Amino acid sequence: MYKRDLVSITDYSLDELEALWTLADDIENHPRRYKSSCNNLKLATLFYEPSTRTRLSHESAMIELGGNVIGFSDAKASSASKGETVADTMKVMSCFADIIAIRHNLEGAAMVAAENSRVPVINAGDGGHSHPTQTLTDLYTIRKNFGRLDNLRIGFCGDLKYGRTVHSLIEAMLRYENVSFVMIAPDELKLPKGLKNNIIDAGAEFVETACLEDALPELDILYMTRIQRERFSDLSVYDRLAGTYILDKEKMQKAKEKMIVMHPLPRVDEISTDVDDDPRIQFFEQVMCGKIIRRALILDLIERGSEEPIRRWEDIDAEGECTNPKCITHHERGLKPKYKRSSNGSLLCAYCDCKIKNE
Amino acid sequence: MYKRDLVSITDYSLDELEALWTLADDIENHPRRYKSSCNNLKLATLFYEPSTRTRLSHESAMIELGGNVIGFSDAKASSASKGETVADTMKVMSCFADIIAIRHNLEGAAMVAAENSRVPVINAGDGGHSHPTQTLTDLYTIRKNFGRLDNLRIGFCGDLKYGRTVHSLIEAMLRYENVSFVMIAPDELKLPKGLKNNIIDAGAEFVETACLEDALPELDILYMTRIQRERFSDLSVYDRLAGTYILDKEKMQKAKEKMIVMHPLPRVDEISTDVDDDPRIQFFEQVMCGKIIRRALILDLIERGSEEPIRRWEDIDAEGECTNPKCITHHERGLKPKYKRSSNGSLLCAYCDCKIKNE
Amino acid sequence: MYKRDLVSITDYSLDELEALWTLADDIENHPRRYKSSCNNLKLATLFYEPSTRTRLSHESAMIELGGNVIGFSDAKASSASKGETVADTMKVMSCFADIIAIRHNLEGAAMVAAENSRVPVINAGDGGHSHPTQTLTDLYTIRKNFGRLDNLRIGFCGDLKYGRTVHSLIEAMLRYENVSFVMIAPDELKLPKGLKNNIIDAGAEFVETACLEDALPELDILYMTRIQRERFSDLSVYDRLAGTYILDKEKMQKAKEKMIVMHPLPRVDEISTDVDDDPRIQFFEQVMCGKIIRRALILDLIERGSEEPIRRWEDIDAEGECTNPKCITHHERGLKPKYKRSSNGSLLCAYCDCKIKNE
């Protein structure tokens, strides 16, 4: 099965990403040239859990390329409820579609999907593991605003402990030169240690602070996320802190004139609506960028139908289960474990990137 | 954001409605001329509550114009469940679609949608408040049958107290000359006083009766609705009455030869299936009319992309909450109240048309 | 209402089936010739219960013919929940679509649909009654592999008592010459007596066995189905038996080189994944065949729009209710019973083929 997939953002090299931005710009500037590029082709959106924005972004992108869409938006409508494996479902679905976008609650599900589909697979989110089209969207938004992805100071604010979007964007930005990071979060929601070490190992500049107001003036980009009340064991802490991390008109006055504010959406109340008219607020433009980059991605994957697929595991003579209970290896019948080594040599599950037990 | 919307039937002037009927007739007579009118355009059907008929009518209309469809058919599949406001959702969705049809359970939601979307919005029903494409459908069906919308005697039968469809059609018919009304309902389900006064104020002829059989011979149009058992505090009253309001073969013999029977569907048992073959039964033709007029509406709204939008509120220096608990102003974060004055000078909520508290 | 439907596999004569295989082969060999055959036409998929595979197979087929799709994938989204009859829904839906595929939990629902739709209706499964597009798929898969539908030895393995797919394929294969049957099942799940008698009456060779391994060497086709644990009153019997009916690498060694294995999918564990690479495993090819034959079916039905519809009942002066509690006659308001005679003269319900009470 020759074809390329997007399971993880690292499936694309920096050069391939650069080509993708160029293609996206060209599609946006000359939409008519591409309006029939996917005529007679079908995208299947297989959403085992609902995510309207992500689903409709993919569907819009495909339709704007002249293609068609089939699929489901909820697991109850799928054969999963009848006990079918992801592997079998993908073998069936690749009889119907020319490209597949899958959203699944289990971590590593997208890799299983890619390995069993005859057609390109886009990971539209597999649990807390990975959501590479969101990262593509974020990178493309930054590049559109600054013309570059290096030499930037980016602040992340809010829930840095659990935020998958934040983790992925940090990892992606570490591939570019001279990016410095400011992590703005309360103690309860600070960046995980492992990721912090990755930043330090990469030699990138790194600051931690609890104060949004102080950090703002130096930033090129402020990436906001929502703080969930449920994350706090002591709710009085939450109530005291919450306001500190709300971006409003007053705080915006401290930011650079060319700074931009991003947000993966939906927002709840972490950004006051009274700043929506500020031109630095870019989260609805981010949605538009998401649609544009997905057009480029779909087209790129379809055109690379004869390439050798990415290999995501190593031939390691090992045994042992994945330590992640949400990993697909614990839920998919007949799925054999696959391994890889982390940079520091420890054995990882190739599906979800978590550690292997008793190794 | 220049563009027109259909939030309420009064968004269209009588002249604009006339132009819409003409366009609808032309589309129906020359479907091939219009089969590519919406090529490369997308309708989003955002249905926060299910309504298959209304949704598929819009979707069919768009497809017959050569357009495409994206969307969701149930709130659970939407970002609303993650706490996103209607305003934010519309800002996102108007990145994906060229025109939006929204169905929402809250009253006034369609106005919020229109004010936050960059693309035209069609109100496909906002709670008990308004359902203007149903009213368009009803008006177009009458006009197709009689060649006119004035000089008609129209009977409404069934639940006249709660029936949103009935209320909207009455308001719409009051804009035409010499329309007389016969209200056929049990005491429990009589027309609300306010609406009755509107009819009287407009100088239209108006009769109330409890007997369908007596009213039938004089009618040009009989508009049937369902009587819901739950509406009666004393169920024995329901059981005694129900049969009286069932239209059957025997009753149809008393009606004019050119009379037509309409129904917003679904019917339950208020119209006996043994009259379905009677040519005066027009409710399935009404469904067809609904699809045709929606084609005209979609095309019209898309072509009016550069017009000043309708302004639905007045600059009134007031305070006070809407008295309607189902109004969106009580549920949407960050939504400021907007006001307008009724013809008799009282202060109304601009979103749902209900009174403002303590004013 | 002139048009043809597919309510039951017997709606198509053997000659019509032959023409359908030829059309399917031609579409597969020359897809470009047919890629605009259904331009400007709409398929409605009305799925009162979810069935992703069957729905997407129809939708893919329609799109590959250049057509469009509307519909719903779950009953909750439909007007059925508001008490609308199948008959009324079909009258409405045939205003929107040019062809309809309906899936319903009630037996006989597809016949009601066909009788009330102005456009061709495809039965995509009506309860335990009939699922003719699955049977078409199975027949077409066999014909593609062997070039014929006669002179074959076909084994059915697993749940032969309740398996609708099995029953339909047996009835369909009985129309061809010199087909012999091997029924492989535990005592608890043997073929129903009535169907067994049909095979004997048709003069076809017929063997029953409890041992898959013994039966394998002689088979041209092995049709596997899932054994459901719930079917056994004594679970220890299930636990003892289950393994016997699992197809694995070892058992496959006993089969002919040109034998094929079919399965209606989804499989659970009745076929070990370690045989998936065996070229005799044909169930994913079966999915592909399902899409191809549905393209032919849709095209054929649309082109036969002026033919006299099939008559599925006889003018019998009878009274009496259907004995099948899952028959639509017990659930659809205003539906009059229709009768027919079985080959042995007993009175049957024309909708679901079950016996009539007290006759």
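Caption draft 1: Spatial organisation of the overall build of chain A. Secondary structure summary: chain A contains twelve helices and eleven strands in total. Here the C-alpha radius of gyration of chain A, 21 Å, is about what a compact globule of 359 residues would show, namely 21 Å. By its C-alpha atoms, chain A is 55 × 55 × 40 Å across when sized along the principal axes. The burial tally for chain A puts 51% of its 359 residues in the buried class. Across chain A, every contact between residues at least 6 apart in sequence was considered, and the portion connecting residues at least 24 apart equals 73%.

Caption draft 2: Looking closely at the interface of chain A and chain B. Taken together, the contact pairs 21 residues of chain A with 19 residues of chain B. Sorting the residues of the side of chain A that touches chain B by element identifies α3 (52-64) and α12 (283-303) of chain A as the ones contributing at least two each.

Caption draft 3: Geometry of the environment of Arg153(B). Residues and elements named next belong to chain B. Checked against the element boundaries, arginine 153 lands in strand β5 (residues 152-157). Between the alpha carbons of arginine 153 and serine 342 there is a distance of 28 Å; along the sequence they are 189 residues apart. Apart from the residues lying within four places of it in its own chain, the contact partners of arginine 153 are Ser180, Val182, Glu218, Leu219 and Asp220.

Caption draft 4: Structural view of the sheet that holds strand β9 (residues 260-262) of chain B. All names here are of chain B. As summarised here, the arrangement of the five strands in space is β7-β6-β5-β8-β9, forming an open sheet in which the pairing is parallel. Of all the strands in the sheet, the pair left with one neighbour each is β7 (206-209) and β9. Between one strand and the next, the sheet's axes are offset by a mean angle of 20 degrees, whatever the strand orientation. In terms of strand pairing, strand β6 (residues 179-184) meets β7 through four bridges, oriented parallel. Across the sheet, residue isoleucine 184 finds its bridge partner in β7, namely threonine 209.

Caption draft 5: Examining the interface of chain C and chain B more closely. Taken together, the 19 residues of chain C in the interface contact 21 residues of chain B. Put simply, the parts of the chain that give the side of chain C that touches chain B at least two residues each are β2 (68-72) and α4 (86-96) of chain C. Here the side of chain C that touches chain B gets five residues from one element, more than from any other, and that element is α4(C).

Caption draft 6: Summary view of the domain arrangement of chain A. Residues and elements named next belong to chain A. Domain parsing of chain A yields domain 1 (9-130 + 288-303), domain 2 (133-281) and domain 3 (313-359). Distance from the C-alpha centre of domain 1 to the C-alpha centre of domain 2: 27 Å. Contacts between domain 1 and domain 2 engage 14 residues on the former and 13 residues on the latter. Residue assignment for the side of domain 1 that touches domain 2 shows that the elements contributing at least two residues are α1 (14-29), β4 (121-126) and α12. With five residues, α12 is the single largest residue contributor to the side of domain 1 that touches domain 2. Residue composition of the side of domain 1 that touches domain 2, grouped by class: nine nonpolar, three polar and two charged.

Caption draft 7: Here's a closer look at the relation of the copies chain A and chain B. Each copy of the sequence occupies a distinct position, and chain A is placed on chain B by a rotation of 120 degrees and an axial shift of 0.0 Å, giving an RMSD of 0.0 Å. When the rotation and shift are considered jointly, the pair of chain copies conforms to a three-fold rotation axis. No C-alpha of chain A approaches the rotation axis more nearly than that of Asn68(A), which lies at 5.1 Å.

Caption draft 8: Examining the sheet that holds strand β5 (residues 152-157) of chain C more closely. Residue and element names in this part refer to chain C. Pairing in this open sheet of five strands is parallel, and the strands run β7-β6-β5-β8-β9 from one edge to the other. The sheet terminates laterally at β7 (206-209) and β9 (260-262), the two strands that pair on one side only. For this sheet, the mean angle separating the axes of adjacent strands, direction not counted, is 20 degrees. Of the pairings in the sheet, the one linking strand β8 (residues 221-224) to β9 comprises three bridges and is parallel in character. Within the sheet, the bridge partner assigned to isoleucine 221 lies in β9 and is isoleucine 260.

Caption draft 9: How the structure looks around the packing of helix α3 (residues 52-64) of chain C against helix α12 (residues 283-303) of chain C. Residue and element names in this part refer to chain C. Look at α3 against α12: their axes get within 8 Å of each other, and the N-to-C directions meet at 60 degrees. Taken as axis vectors, α3 and α12 run oblique relative to one another. In the crossing of α3 with α12, the sense of the turn from one axis to the other is right-handed. Residue-level inspection shows Ser57, His58, Ser60, Ala61, Met62 and Glu64 of α3 in contact with α12, the latter providing Gly290, Lys291, Arg294, Arg295 and Ile298. Taken together, the residues of the contact of α3 with α12 break down into three nonpolar, four polar and four charged.

Caption draft 10: Molecular detail of α3(C). Taking 1.5 Å per residue, 13 residues should reach 18 Å; α3(C) reaches 18 Å between its end C-alpha atoms and fits that length. Counting buried residues in α3(C) gives 13 out of 13 residues, a clear majority hidden from the surface.

Caption draft 11: Main features of the pairing of strand β1 (residues 42-47) of chain A. Residue and element names in this part refer to chain A. With six of its six residues buried, β1 lies for the most part within the structure. Residues Lys42, Ala44 and Leu46 line one face of β1 and the alternating positions Leu43, Thr45 and Phe47 line the opposite face, and both faces are buried. As defined by bridge partners, β1 adjoins strand β2 (residues 68-72) across five bridges and the pair is classed as parallel. Paired with lysine 42 across the two strands is asparagine 68, which belongs to β2. Regarding the hand of the β-α-β motif, the stretch spanning β1, α3 and β2 is right-handed.

The rules behind each value
Residues numbered from 1 in each chain as written. Chains lettered and ligands numbered in written order. Predicted model: local features only at pLDDT ≥ 70, side-chain atom pairs only at ≥ 80, totals over all residues. Helix = DSSP H or I, 4+ residues; strand = E, 2+ residues; numbered from the N terminus. Rg over C-alpha atoms; globule rule 2.2 N^0.38 Å. Buried ≥ 20, exposed ≤ 12 C-beta atoms within 10 Å, placed from the backbone. Contact = placed C-beta atoms within 7 Å. Pairing = 2+ DSSP bridges. Axes fitted to C-alpha atoms, helices over the stretch in contact; angles between N-to-C directions. Domains from an automatic or database assignment. Nonpolar A, V, L, I, M, F, W, Y, C, P; charged D, E, K, R; others polar. Least-squares fit on C-alpha atoms with pLDDT ≥ 70 in both. Parallel < 35°, antiparallel > 145°, perpendicular 65-115°, else oblique. Left-handed = near helix turned anticlockwise from the far one by under 90°. Expected span 1.5 Å × (residues − 1). Right-handed = clockwise from strand over helix to strand, strands pointing away.

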